[in-house]
Amino acid sequence: MKRTTVWVTTAAALTGLAACTSSGPSDEPEDKRSAAAPAALPALRTAERSTERAETARVRSTTVMGAQLSLTADGVLAWRDGLSGNLTIDYTGGTAAETMRDLGVTSMEARYLSDAYYARMGDTFAAKMGGKHWLRYAYDDLKTLGGGADLADQMRSTTPNQSVRLLLDSGDVRELGRETVDGQTATHYAGTVRVGDVTDTELRRRLQDADATAETVDIWINEKNLLVKKVEKTSTTNGRVTQTAHYSDYGVEVAVRKPPAADTEDFTSLLSQSSTNPT
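From a predicted model like this one, the values you see are computed outputs, not experimental measurements. (Residues numbered from 1 in each chain as written. Predicted model: local features only at pLDDT ≥ 70, side-chain atom pairs only at ≥ 80, totals over all residues. Heavy atoms only, no water.)

A. Structural context of the overall build of the protein chain. Helices and strands together make up the secondary structure of the protein chain, namely eight helices and twelve strands. Across the 279 residues of the protein chain, 52% fall into the buried class. For the protein chain, the proportion of contacts with a sequence separation of at least 24, taken over those separated by at least 6, is 61%. For the protein chain, the accessible area works out to roughly 11,900 Å², and carbon and sulfur atoms hold 46% of it. (Helix = DSSP H or I, 4+ residues; strand = E, 2+ residues; numbered from the N terminus. Buried < 20%, exposed > 50% of the residue type's maximum accessible area, 1.4 Å probe, protein only. Contact = heavy atoms within 4.5 Å. Areas by Shrake-Rupley, 256 points an atom, 1.4 Å probe, with all protein chains shown as cover.)

Next comes the structure, spelled out in structure tokens:
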């Protein structure tokens, strides 16, 4: 396999966490985001606002992208001024994970900052790449990857309030009752969001680019009106995509440091070198 192909596959694996996440803030006024059943709207809108105002949370998630990739993630996220956070990502299966293992990577640290996404690849990878442990993915550069999907926006769209926002676009949202989630009482809501009904234009375009027609969304809201669990499923050209996430410790401190420049390689520079020397 040429090194260029390896690096594009690696980028897909590194950004796989964002493959099935909701959109950023909608550019539609709230009164136009009212597809949900009237009885559920007040509770969902309250949950959306409460979760957004919380600004930080601990997250653990599982993502499966057909036969391409499966992974788990655990860490903290903040969304007060864009996305920031620290996550540990473990690759558990799929063809992209096999490529990562060939590079000596089964687990990595991911850091989200305002300018870019950083991935610490480990000692084996660094030994093959001139001693540098970190890869930097500028959000604008990610727009060139992903088969038409804008990974840059996906990477910055992983906050819990956005799953609630997405469900507000469903025409068949329903309350399924109270359940126990992670030891606390929560109300379960579910619905199917058709691509044509998605009010956020960026998310609608991403789903259309992936040839998706609909996405099913299940969310669980606790008694403090905070999202504690979500499951999103959609069928795309890359196969069935499912992401399950659990949220806790809202308000947790999130402090993210930029990796040392001397230990960081820019992904576009690495890709350029691979294209010049496709061995």
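So, next bit.
B. Local environment of helix α3 (residues 95-102). All of the buried residues in α3 are Ala 96, Ala 97, Thr 99 and Met 100. The arc that holds every buried residue of α3, seen down its axis, measures 155 degrees, which confines them to one face. Among the residues trailing α3, Gly 104 stands out with phi positive, at a value near 85 degrees. (Arc of directions from axis to C-beta.)

C. Region of interest: helix α2 (residues 41-54). With 14 residues, α2 extends 20 Å between its outermost C-alpha atoms, agreeing within 8% with the 20 Å of an ideal straight helix rising 1.5 Å per residue. The elements touched by buried residues of α2 are α6 (161-167), β8 (184-194), β9 (214-222) and β10 (227-236). Positioned one or two residues after α2, Glu 55 has a phi angle of 70 degrees, which is positive. (Expected span 1.5 Å × (residues − 1).)

D. Spatial organisation of the pairing of β8. Along β8, eight of the eleven residues are buried, which leaves the element largely enclosed by surrounding structure. Here strand β7 (residues 174-181) runs beside β8; their pairing, made up of seven bridges, is antiparallel. Directly across from Glu 175, in β8, lies its bridge partner Tyr 189. Hairpin connection, β7 to β8: the antiparallel pair is bridged by two residues, and Asp 182 has positive phi, about 50 degrees. Relative to β9, β8 runs antiparallel, the two sharing nine bridges. Paired with Ala 190 across the bridge in β9 is Asp 218. (Pairing = 2+ DSSP bridges.)

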